[in-house]
There are 4 protein chains.
Amino acid sequence: MMSRFAEIAAKIRTFRDERDWARFHNPKDMAIAISLESGELLEHFLWKDSTEVEARIRSHRSEITDEIADIAIYLTELADNLGIDLFDAMEEKLGKNALKYPVSLARGSAKKYTEL
Amino acid sequence: MMSRFAEIAAKIRTFRDERDWARFHNPKDMAIAISLESGELLEHFLWKDSTEVEARIRSHRSEITDEIADIAIYLTELADNLGIDLFDAMEEKLGKNALKYPVSLARGSAKKYTEL
Amino acid sequence: MMSRFAEIAAKIRTFRDERDWARFHNPKDMAIAISLESGELLEHFLWKDSTEVEARIRSHRSEITDEIADIAIYLTELADNLGIDLFDAMEEKLGKNALKYPVSLARGSAKKYTEL
Amino acid sequence: MMSRFAEIAAKIRTFRDERDWARFHNPKDMAIAISLESGELLEHFLWKDSTEVEARIRSHRSEITDEIADIAIYLTELADNLGIDLFDAMEEKLGKNALKYPVSLARGSAKKYTEL
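These figures come from a predicted structure and were not determined experimentally. (Residues numbered from 1 in each chain as written. Chains lettered and ligands numbered in written order. Predicted model: local features only at pLDDT ≥ 70, side-chain atom pairs only at ≥ 80, totals over all residues. Heavy atoms only, no water.)

Participant: Sorry if this is basic, but what is going on with the overall build of chain A here?
Facilitator: A tally of helices and strands in chain A yields six helices and zero strands. Seen in sequence order, chain A has helices and strands lined up from the N terminus as α-α-α-α-α-α. Against the compact-globule benchmark of 13 Å for 116 residues, chain A has a radius of gyration of 18 Å, which places it well outside the compact range. Across its three principal directions, the C-alpha atoms of chain A cover 50 × 35 × 30 Å. Put simply, 58% of the contacts in chain A that link residues at least 6 apart link residues at least 24 apart. By element, 52% of the accessible surface of chain A is carried by carbon and sulfur atoms, the whole surface being about 5,200 Å². Charge-centre separation for chain A: the mean point of 17 positive side chains lies 5 Å from the mean point of 22 negative side chains. (Helix = DSSP H or I, 4+ residues; strand = E, 2+ residues; numbered from the N terminus. Rg over C-alpha atoms; globule rule 2.2 N^0.38 Å. Contact = heavy atoms within 4.5 Å. Areas by Shrake-Rupley, 256 points an atom, 1.4 Å probe, with all protein chains shown as cover. Lys, Arg positive; Asp, Glu negative; His and termini not counted. Charge placed at Lys NZ, Arg CZ, Asp CG, Glu CD.)

Encoded structure:
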């Protein structure tokens, strides 16, 4: 049985190929597209303090959900194109992060991990 | 039984909470982090033509996989924090895209969808 | 007499041509470079509230100044490559912005201009 | 006599203060804005090869000029807010770059400087 993720990856592939868009979806442009979609998500929060961000999430929930989905769709396709299993990649990276930021050092630190 | 995606989302949550990092992970900073990680992915392809991009993917496969994983990890956590089901969001957005870019118009067009 | 800006634009051109880098500096990669350098600036402020941002600016003034300079250098070169006078462009855009955001509407509004 | 750059920086300040926008223009949001404007510039070139990029520059010259101006305006204001002289910063950074990428190493290298 196909996992739900494999199903979506297959749908994305079909969507792209029905439109003959594979020729545009080279890795460099896919990475640009992911970056631009991330910007569209971030734009919802520009000039806003935390209270205004919360209000924005309530008032624009559907738009913000779509922006997150856009990033996820391009990321899924890029991983698929490169033969990368996204779940394996996430689990492996979480393992690396656990070694890089041991709980004993990171916990209770006033500094965020970028400065550990 | 938990899906593999739900398992990973739970792992990400545990990883964060063991380090007491939830207080940093507000939606605005999460969106910034996703944008910055996208930039780290894109940086692999800067100044490179398609042949050089392919060579880079071969020579830096592990690093590129990690960058993709970093984006996916933050995106999964952000969706989780906002109570968004990432799969539902992707499927719904794919449905919207199908309406926005009908095969009959998009297929065989020399223009990419941004200009349809 | 050359303006100081024209002097710097000429220095950037010389720097590039001594290294034979013009062939890399096509508009698309220049735009990617500007976006990546903007990310490096933004990274200084990730996960930080306004007090921590102020502290970061004090503790990393030289690095932040360099990031701003990197963006300015690429932007100056791109404008130069495209035959765009950066000062004229800025003045013209300020004029457009003044029409788009009239003082009477924008002033005292709790909303930022993105929502006017 | 005021340099043209100082004149534009003063105009930007006036534009902002007439609208009472200084309170939004903290360094973190300014850096986000610069990053988002860079994305809007880059979006013109998404999915396009070098021939299509050249065509885009011809067909959208005014829009692309405006995007470049938007970045320059925010960058000028941020530097101004932080008490950074943008010209001094650019010249100092060019000096550092000259040391980092000596002509003898960089010239004729098939690799771009990111990999020197």
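Having seen the model, we can carry on.
Participant: Got a minute to help me understand the interface of chain C and chain D in this structure?
Facilitator: It is common to give the size of an interface as the accessible area lost on bringing the parts into contact. Each partner contributes residues to the interface: chain C has 72 residues there, and chain D has 72 residues. Summing both partners gives a buried area of about 6,300 Å² for chain C against chain D, and 67% of it is carried by carbon and sulfur. Linking chain C with chain D are ten salt bridges. Put simply, Glu91 of chain C and Arg4 of chain D hold a salt bridge, and the shortest N to O gap is 3.4 Å. (Buried area = accessible area lost by both parts, 1.4 Å probe. Salt bridge = Lys/Arg side-chain N within 4 Å of Asp/Glu carboxyl O.)

Participant: For this particular structure, what's the right way to read the packing of helix H2 (residues 27-43) of chain A against helix H2 (residues 27-43) of chain D?
Facilitator: When two helices pack together, you describe them by how their axes are tilted relative to each other and by the distance separating the axes. It is the contact of H2 of chain A with H2 of chain D, at a shortest axis distance of 10 Å, that shows an interaxial angle of 135°. Taken together, the axes of H2 of chain A and H2 of chain D lie oblique to each other. Between H2 of chain A and H2 of chain D lies a crossing whose hand is left-handed. Contact with H2 of chain A, carried on its side by Ile32, Leu36, Gly39, Glu40, Leu42 and Glu43 of chain A, involves Ile32, Leu36, Gly39, Glu40, Leu42 and Glu43 of chain D of H2 of chain D and no other residues of that element. When the residues that make up the contact of H2 of chain A with H2 of chain D are grouped by side-chain class, the tally is six nonpolar, two polar and four charged. (Axes fitted to C-alpha atoms, helices over the stretch in contact; angles between N-to-C directions. Parallel < 35°, antiparallel > 145°, perpendicular 65-115°, else oblique. Left-handed = near helix turned anticlockwise from the far one by under 90°. Nonpolar A, V, L, I, M, F, W, Y, C, P; charged D, E, K, R; others polar.)

Participant: It is not clear to me how the relation of the copies chain C and chain D should be interpreted in this structure. Could you clarify?
Facilitator: Aligned on chain D, chain C shows an RMSD of 0.0 Å; the corresponding rotation is 180° and the shift along the axis is 0.0 Å. In short, the pair behaves as if placed about a two-fold rotation axis. Considering only C-alpha atoms, the part of chain C nearest the rotation axis is Ser35 of chain C, at 3.0 Å. With an isologous cut-off of 70% or more, the 100% of interface residues of chain C that recur at the interface of chain D puts this contact in the isologous class. (Least-squares fit on C-alpha atoms with pLDDT ≥ 70 in both.)

Participant: Just to check I follow, could you spell out unusual backbone geometry for this structure?
Facilitator: Peptide bonds are mostly trans, and most non-glycine residues show a negative phi. Notably, Asp20 of chain B is not glycine yet its phi reads approximately 60°, a positive angle. Within the secondary structure, Asp20 of chain B is located in the loop between helix H1 (4-18) and helix H2 (27-43).

Participant: Sorry if this is basic, but what is going on with the pattern of salt bridges here?
Facilitator: Should the charged atoms of two oppositely charged side chains come close, the side chains can pair. Enumeration over the complete set of coordinates arrives at 44 salt bridges over all chains. A salt bridge links Asp17 of chain C to Arg16 of chain C, with the shortest nitrogen-to-oxygen separation between them at 3.0 Å. Looking at Asp17 of chain C, the relative accessible area reads 39%, which means it is partly exposed. Among the ionic pairs, Lys93 of chain D bridges to Asp70 of chain C, the shortest N-O distance being 2.8 Å. Here the residue Lys93 of chain D occupies a position in helix H5 (residues 86-100), and Asp70 of chain C occupies one in helix H4 (residues 61-81), the pair thus bridging two chains. An identical accessibility class is assigned to Lys93 of chain D and Asp70 of chain C; each is buried. (Buried < 20%, exposed > 50% of the residue type's maximum accessible area, 1.4 Å probe, protein only.)

Participant: So what exactly am I meant to see when it comes to the side chain of Glu77 of chain B here?
Facilitator: Tracing the chain through its elements places Glu77 of chain B in helix H4 (residues 61-81). With sequence-adjacent residues up to four places away left out, Glu77 of chain B is seen in contact with Ile12, Arg16, His25 and Met30 of chain B.

Participant: What is the right way to look at the nonpolar core in this model?
Facilitator: With 152 residues, the main nonpolar core has Leu41 and Ile68 of chain A, Ile68 of chain B, Ile68 of chain C together with Ile68 of chain D as its most contacted residues. Those residues in contact with Ile68 of chain C that sit more than four places away from it in its chain are Leu41 of chain C together with Leu75, Leu78, Ala79, Leu82, Ile84 and Leu86 of chain D. (Core = buried A, V, L, I, M, F, W, Y, C linked by side-chain atoms within 4.5 Å.)

Participant: Would you explain the packing of aromatic side chains in this entry?
Facilitator: The geometry of an aromatic ring pair is captured by two quantities: the separation of the ring centres and the angle between the planes. Taken as a whole, this structure holds 20 aromatic pairs over all chains when the rule is applied. Between the aromatic rings of Phe87 of chain A and Phe5 of chain B, the centroid separation amounts to 6.2 Å while the plane-to-plane angle is 40°, which identifies the pairing as tilted. Separated into two different chains, Phe87 of chain A in helix H5 (residues 86-100) and Phe5 of chain B in helix H1 make up a pair that spans both. Residue class for Phe87 of chain A comes out buried when judged on its relative accessible area of 8%. Through successive ring pairs, a cluster of aromatic residues spans Phe5 and Phe87 of chain A together with Phe5 and Phe87 of chain B. If you follow Arg19 of chain A out to its NZ or CZ, it ends over the ring of Phe15 of chain A, 3.8 Å from the centre. (Phe/Tyr/Trp six-rings, centres within 6.5 Å; stacked < 30°, edge-to-face > 60°. Lys NZ or Arg CZ within 6 Å of the ring centre and 35° of its normal.)

Participant: Got a minute to help me understand helix H5 (residues 86-100) of chain B in this structure?
Facilitator: In an α-helix, one turn spans 3.6 residues; hence positions three or four apart end up facing the same way. The end-to-end C-alpha separation of H5 of chain B is 21 Å, in line with the 21 Å expected for 15 residues at 1.5 Å each. Listing the buried residues of H5 of chain B in full gives Leu86, Phe87, Ala89, Met90, Lys93, Leu94 and Asn97 of chain B. Projection of H5 of chain B onto a plane perpendicular to its axis shows the buried side chains occupying an angular sector of 155°, all on one side. Exposed and oriented more than 90 degrees from the buried face of H5 of chain B are Glu92 and Leu99 of chain B. Buried residues belonging to H5 of chain B abut helix H1 (4-18), helix H4 (61-81) and H5 of chain A together with H1 and H4 of chain B. Its side-chain oxygen placed 3.0 Å from the backbone nitrogen of Phe87 of chain B, Asp85 of chain B serves as the N-cap of H5 of chain B. (Expected span 1.5 Å × (residues − 1). Arc of directions from axis to C-beta. Polar contact = N/O pair within 3.5 Å; in protein donor to acceptor, adjacent residues only side chain to side chain.)

Participant: Quick question: what am I supposed to make of the environment of Ile84 of chain A here?
Facilitator: Among the structural elements, Ile84 of chain A can be located in the loop between H4 and H5. Sequence separation between Ile84 of chain A and Ala106 of chain A is 22 residues; the distance between their C-alpha atoms is 30 Å. Setting aside residues no more than four positions away along its own chain, Ile84 of chain A makes contact with Ala79 and Ala89 of chain A together with Arg61, Thr65 and Ile68 of chain B.

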